[in-house]
Amino acid sequence: MALNSQAALSQRLIDPAAAWRTQRRMQGLTQPPWLHTEVARRMAQRLGVIKLQPTSVLDVSGPPGASAQLLRQTYPRASVASLGEPAPARRWWAWPRGPAAATAAAPVALSPGAVQLLWSNMQLHATLDPQATLAQWQQAVAVGGFLMFSTLGPGTLASLRRLYDEQGFGPPHAPFVDMHDLGDMLMQAGFADPVMDQETLTLTWPTAQALLLELRSLGGNAHPARHAGLRTPAWAARLSKALARNAGSDGRIALEFELVYGHAFKAAPRVAMAPTTSVPVEDLRSMLRDRAPGRRK
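Everything numeric here is computed off the predicted structure, so don't read it as measured data.

**A word on empty space enclosed by the protein**
Move 1: As enumerated under the stated definition, the model contains 1 cavity of 30 Å³ or more in all.
Move 2: The space that makes up the largest cavity amounts to roughly 50 Å³.
Move 3: Taken together, the residues of the lining of the largest cavity break down into 5 nonpolar, 2 polar and 1 charged.

**Some remarks on the side chain of Lys266**
Move 1: When you line up the elements, Lys266 lands in the loop between β6 (253–265) and α11 (281–290).
Move 2: Classification of Lys266 by relative accessible area gives buried; the value is 6%.
Move 3: Within polar-contact distance, the side chain of Lys266 engages the backbone oxygen of Gln138 at 3.1 Å.

**What to know about the sheet that holds strand β4 (residues 141–152)**
Move 1: Pairing is mixed across the open sheet formed by 6 strands, whose spatial order is β2-β1-β3-β4-β6-β5. Of all the strands in the sheet, just β2 (79–82) and β5 (192–205) have a single pairing partner and so form its edges. Mean inter-strand twist for the sheet, computed between neighbouring axes without regard to direction, equals 15 degrees.
Move 2: Each of β3 (115–121), β4, β5 and β6 touches helix α3 (residues 34–45); the most contacted strand, β3, lies at about 145 degrees to it.
Move 3: Across the sheet, helix α6 (residues 130–140) lies against β3 and β4, angled at about 145 degrees from β4, the strand it touches most.

**Regarding the pairing of β6**
Move 1: Counting buried residues in β6 gives 11 out of 13 residues, a clear majority hidden from the surface.
Move 2: Sheet topology places β4 next to β6; 7 bridges connect them, and they run antiparallel. Its bridge partner being in β6, Met148 is matched across the sheet by His263.
Move 3: Relative to β6, β5 runs antiparallel, the two being bridged by 12 bridges. Each residue of the ladder has a partner; that of Gln198, found in β6, is Val260.

**Concerning the packing of α6 against helix α8 (residues 179–189)**
Move 1: Running from N to C, α6 and α8 point in directions that differ by 45 degrees, and their axes come no closer than 9 Å. One finds that α6 runs oblique with respect to α8. Judged by the sense of rotation from one axis to the other, the crossing of α6 with α8 is right-handed. Side by side, α6 and α8 meet where Pro130, Gln131, Leu134, Ala135 and Gln138 of the first sit next to Leu182, Met185, Leu186, Gln188 and Ala189 of the second.
Move 2: In terms of residue class, the contact of α6 with α8 is built from 7 nonpolar, 3 polar and no charged.

**Considerations on the side chain of Ser159**
Move 1: As for its position among the elements, Ser159 is in helix α7 (residues 158–167).
Move 2: On the accessibility criterion, Ser159 (16% relative accessible area) is buried.
Move 3: Not counting residues within four places of it along the chain, the set of residues in contact with Ser159 comprises Ala254, Leu255 and Glu256.

**Considering the packing of aromatic side chains**
Aromatic rings in a pair are described by how distant their centres are and how their planes are angled relative to each other.
Move 1: Per the stated rule, a full pass over the model turns up 4 aromatic pairs.
Move 2: Relative to Trp235, the ring of Tyr164 lies with its centre 6.5 Å away and its plane at 75 degrees, an arrangement referred to as edge-to-face. In this pair, Tyr164 sits in helix α7 while Trp235 sits in helix α10 (residues 233–245), placing the two residues 71 residues apart along the sequence. No difference in accessibility class separates Tyr164 from Trp235, as the two residues are buried.

**Regarding the pattern of salt bridges**
Move 1: On inspection of all chains with the given rule, the structure shows 5 salt bridges.
Move 2: Residues Arg226 and Asp15 are paired through a salt bridge, measuring 3.1 Å at the closest nitrogen-oxygen approach. Note that Arg226 is positioned in the loop between α9 (208–218) and α10 and Asp15 in the loop between α1 (8–11) and α2 (16–27), a separation of 211 residues in sequence.
Move 3: Put simply, Glu38 and Arg41 hold a salt bridge, and the shortest N to O gap is 2.5 Å. Placement of the pair is Glu38 and Arg41 together in helix α3, with a separation of 3 residues, close to one helical turn.

**What to know about α3**
Move 1: Here α3 spans 17 Å end to end across 12 residues, near enough to the 16 Å set by a 1.5 Å rise per residue.
Move 2: Those residues of α3 lying buried are Leu35, His36, Glu38, Val39, Ala40, Arg42, Met43 and Ala44.

**What about the pairing of strand β1 (residues 56–59)?**
Move 1: Alternating positions in β1 separate into two faces, Ser56 and Leu58 on one and Val57 and Asp59 on the other, with burial throughout.
Move 2: Bridge count for β1 against β2 is 4 bridges, and the pairing is parallel. Looking at the pairing, Asp59 lines up with Ser82 of β2.
Move 3: Taken together, β1, helix α4 (residues 68–74) and β2 form a β-α-β motif whose crossover is right-handed.

Conventions adopted
Residues numbered from 1 in each chain as written. Predicted model: local features only at pLDDT ≥ 70, side-chain atom pairs only at ≥ 80, totals over all residues. Heavy atoms only, no water. 1 Å grid on protein atoms, 1.4 Å probe; cavity = no way out; pocket = protein on both sides within 12 Å on 5 of 7 lines; lining within 4 Å. Points joined across faces, edges and corners; volume = space filled by probe spheres on them. Nonpolar A, V, L, I, M, F, W, Y, C, P; charged D, E, K, R; others polar. Helix = DSSP H or I, 4+ residues; strand = E, 2+ residues; numbered from the N terminus. Buried < 20%, exposed > 50% of the residue type's maximum accessible area, 1.4 Å probe, protein only. Polar contact = N/O pair within 3.5 Å; in protein donor to acceptor, adjacent residues only side chain to side chain. Pairing = 2+ DSSP bridges. Axes fitted to C-alpha atoms, helices over the stretch in contact; angles between N-to-C directions. Contact = heavy atoms within 4.5 Å. Parallel < 35°, antiparallel > 145°, perpendicular 65-115°, else oblique. Left-handed = near helix turned anticlockwise from the far one by under 90°. Phe/Tyr/Trp six-rings, centres within 6.5 Å; stacked < 30°, edge-to-face > 60°. Salt bridge = Lys/Arg side-chain N within 4 Å of Asp/Glu carboxyl O. Expected span 1.5 Å × (residues − 1). Right-handed = clockwise from strand over helix to strand, strands pointing away.

Here is the structure:
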């Protein structure tokens, strides 16, 4: 399920309309998913290795990211802004389709060089174009600032994919991008010194119904080759029985989640030697500030 970074833009299998519907539904959750809350906590622990104490922080995770309070506690003197509001109620026939869906699911425009820390918890795997999203984040980060993000990797729900394949159910979710490909994308986006890390969490549930309920809170199936139309009660019963057969000796059903963490810095741009050179105004201002007398790195 991993994607080669050179072909990720054209080969990532994800339905824009389904991805948009899932994102809007998750933005409207009254409580963030447990997994998102736990990953935010684990990611916040990694901030200790960063010496920079940012004064401006932008959380692009939205309400499901469960991060705003953690960031305010970690950086009490910083200005912490969150991107994303709960979705307004919308009927199924009002959801966008075709080109409109792709536009609705596109990244929100961010001001260039506006923040010293851009934080994204469990959001990147929901984007249509991760390379473009990383490039936009790079533009939003000030020179000397950094990006910190978490996302799901291709080891996520491996046993569920096997079960769906055995039952002939089709794909249960859109593919996830491999950690190493994400590292390459960070470099291509213009970030410096990327550091990638991953771990696998195994969660268990007492019943198939409890498992399926929590899975829905984590997202939805945006694979273009997913089953067309609504599933029947008979199919749901068949899925529940198949999941129950995979229960361990303790009677609990397990699923695995590969968590990928990454952070990278925005270095000062290197101005190429040429008869005529163009440098963005924000980058030039950042370069001059960094070279000001008495300024400490």
